[in-house]
Amino acid sequence: MTEVATPRRSRLTPEREAELYAAVLDLLREVGYDSLTMDAVAARTRSSKATLYRQWGGKAELVVKAVRHGKPGRTGDIDTGSLRGDLHALMTLEDDRTIEQNSALMRGLAMALHRHPDLREAFRDQLIEPELAGFRRVIRRAVDRGEVRPDCPALDFLPHMMIGGFATRALLDDLPPTRAFLASYIDAVVLPALGVRTDGHVTD
């Protein structure tokens, strides 16, 4: 009997890929990283588990790609002409509902990052490092424009301040972060720490 070769599966369409990533994020919010399985993803997305492993290699890679796909844009691409404008524009990339969903998602992933080295490595390589590079471009432009002094000691802590405001809102106030809260936080905390007034000028 002549054996019929199985045709190779074509590359996923962008629409199908987006659908699959959305399903992965929904599952993450429902059950968390530890309880999420490739079997569950396959069932939710009507895919074969073999296809998932062939496309992404494993759960950590799939989850990180899904989180990255859900991000509305790259920090370094924002250039409004001022540091305050850039930071405020960053806060308006998502509406309050999406910010709340992402905040809950990241809280759920935080513990998993400590327990799973493969997830932590993928998260750092594909999400954290690109975001840090984006923040460095934003700061470099601000320094070049004369908005921030190059020797400002708070420069290295801009990502920490931004992430801190986002992450601690629920912990300290039992409220989700919102665009209004984050905008106020930028003006009251981040810009003064960098020596920038809310009108964009450098403080003395």
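Report follows, based on the coordinates. (Residues numbered from 1 in each chain as written. Predicted model: local features only at pLDDT ≥ 70, side-chain atom pairs only at ≥ 80, totals over all residues. Heavy atoms only, no water.)

**Points about the overall build of the chain**
Then comes step 1: Helix and strand content of the chain: 9 helices and 0 strands.
Then comes step 2: Going from the N terminus to the C terminus, the chain shows its helices and strands as α-α-α-α-α-α-α-α-α.
Then comes step 3: Along the three orthogonal principal directions, the C-alpha set of the chain runs to about 85 × 35 × 30 Å.
Then comes step 4: For the chain, buried positions account for 40% of its 204 residues.
Then comes step 5: Of the charged side chains in the chain, 29 are positive and 30 negative, and the gap between their average positions amounts to 4 Å. (Helix = DSSP H or I, 4+ residues; strand = E, 2+ residues; numbered from the N terminus. Buried < 20%, exposed > 50% of the residue type's maximum accessible area, 1.4 Å probe, protein only. Lys, Arg positive; Asp, Glu negative; His and termini not counted. Charge placed at Lys NZ, Arg CZ, Asp CG, Glu CD.)

**What to know about unusual backbone geometry**
Then comes step 1: The backbone phi angle of Arg 46 is positive, close to 55°, even though this residue is not glycine.
Then comes step 2: Looking at the element boundaries, Arg 46 is found in the loop between α2 (38-45) and α3 (49-56).

**Structural notes on the packing of helix α4 (residues 59-69) against helix α7 (residues 117-144)**
A packed helix pair is summarised by two numbers, namely the angle formed by the two axes and the spacing between the axes.
Then comes step 1: Orientation of α4 relative to α7, taken along the N-to-C sense of each, is 35°, at an axis distance of 9 Å. Note on packing geometry: the crossing formed by α4 with α7 is right-handed. Across from Ala 60, Glu 61, Val 63, Val 64, Lys 65, Val 67 and Arg 68 in α4, the residues of α7 making contact are Asp 118, Leu 119, Ala 122, Phe 123, Gln 126 and Leu 127.
Then comes step 2: Tallied by class, residues from the contact of α4 with α7 come to 8 nonpolar, 1 polar and 4 charged. (Axes fitted to C-alpha atoms, helices over the stretch in contact; angles between N-to-C directions. Left-handed = near helix turned anticlockwise from the far one by under 90°. Contact = heavy atoms within 4.5 Å. Nonpolar A, V, L, I, M, F, W, Y, C, P; charged D, E, K, R; others polar.)

**Some remarks on the nonpolar core**
A general trend in soluble globular proteins is that nonpolar side chains are found buried together.
Then comes step 1: Residues Val 24, Leu 28, Tyr 33, Leu 62, Val 63, Leu 109 and Leu 119 are the most contacted members of the largest nonpolar core, which totals 28 residues.
Then comes step 2: Look past the residues within four positions of Tyr 33 in its chain and what remains in contact with it is Leu 28, Lys 59, Ala 60, Val 63, Leu 109, Ala 112, His 116 and Leu 119.
Then comes step 3: Counting residues in hydrophobic clusters, the runner-up holds 25 residues, among them Leu 83, Phe 135, Val 148 and Ile 186. (Core = buried A, V, L, I, M, F, W, Y, C linked by side-chain atoms within 4.5 Å.)

**Let's talk about the packing of aromatic side chains**
Then comes step 1: Tallying each qualifying case throughout the model produces 2 aromatic pairs.
Then comes step 2: Pairing Phe 181 with Tyr 185 gives two aromatic rings, centres 6.3 Å apart and planes at 20°, and the pair type is stacked. Remark: Tyr 185 and Phe 181 occur in helix α9 (residues 179-193); sequence separation between them is 4 residues, near one turn of the helix.
Then comes step 3: Here the guanidinium or amino end of Lys 59 rests over the ring plane of Tyr 33, the centre of that ring lying 4.2 Å away.
Then comes step 4: One cation-aromatic arrangement involves Arg 169 over Phe 181; the distance from NZ or CZ to the ring centre is 4.1 Å. (Phe/Tyr/Trp six-rings, centres within 6.5 Å; stacked < 30°, edge-to-face > 60°. Lys NZ or Arg CZ within 6 Å of the ring centre and 35° of its normal.)

**What about the environment of Glu 100?**
Then comes step 1: One can find Glu 100 in helix α6 (residues 96-115).
Then comes step 2: Judged by its relative accessible area of 43%, Glu 100 is partly exposed.
Then comes step 3: Along the backbone, Glu 100 and Pro 177 are 77 residues apart, and their C-alpha atoms lie at a distance of 6.3 Å.

**Regarding the side chain of Glu 94**
Then comes step 1: Assignment of secondary structure puts Glu 94 in the loop between α5 (83-91) and α6.
Then comes step 2: Given the relative accessible area of 17%, Glu 94 is considered buried.
Then comes step 3: One polar contact links Glu 94 to Asn 102, side chain to side chain, over a distance of 3.0 Å. (Polar contact = N/O pair within 3.5 Å; in protein donor to acceptor, adjacent residues only side chain to side chain.)

**Focus: α7**
Then comes step 1: With 28 residues, α7 ought to run about 40 Å at 1.5 Å a step, and its terminal C-alpha atoms sit 38 Å apart, in line with that.
Then comes step 2: Of all the bends found along α7, the most pronounced is centred on Arg 124 and spans about 45°.
Then comes step 3: Of the residues making up α7, those classed as buried are Leu 119, Ala 122, Phe 123, Gln 126, Leu 127, Gly 134, Phe 135, Val 138, Ile 139, Arg 141 and Ala 142.
Then comes step 4: Its buried side turned inward, α7 meets α1 (14-35), α4, α5, α6 and α8 (158-173).
Then comes step 5: At the C-terminal side of α7, Gly 146 shows a positive phi close to 85°. (Expected span 1.5 Å × (residues − 1). Bend = angle between axes of the 7 residues up to and from the residue.)

**Remarks on the pattern of salt bridges**
Then comes step 1: Across all of its chains, the model carries 14 salt bridges by this definition.
Then comes step 2: Here Glu 19 and Arg 46 are joined by a salt bridge, their closest N and O atoms 3.1 Å apart. Of this pair, Glu 19 sits in helix α1 while Arg 46 is found in the loop between α2 and α3, placing the two residues 27 residues apart along the sequence.
Then comes step 3: When its relative accessible area of 38% is taken as the criterion, Glu 19 is described as partly exposed.
Then comes step 4: Two residues, Arg 145 and Asp 86, come together in a salt bridge whose shortest N-O distance is 3.9 Å. One end of the pair, Arg 145, is in the loop between α7 and α8; the other, Asp 86, is in helix α5, with 59 residues separating them in the sequence.
Then comes step 5: Residue classification places Asp 86 among the buried residues on the basis of a relative accessible area of 2%.
Then comes step 6: Residues joined by salt bridges that share partners form a network here, namely Asp 79, Asp 86, Arg 141, Arg 145 and Glu 147. (Salt bridge = Lys/Arg side-chain N within 4 Å of Asp/Glu carboxyl O.)

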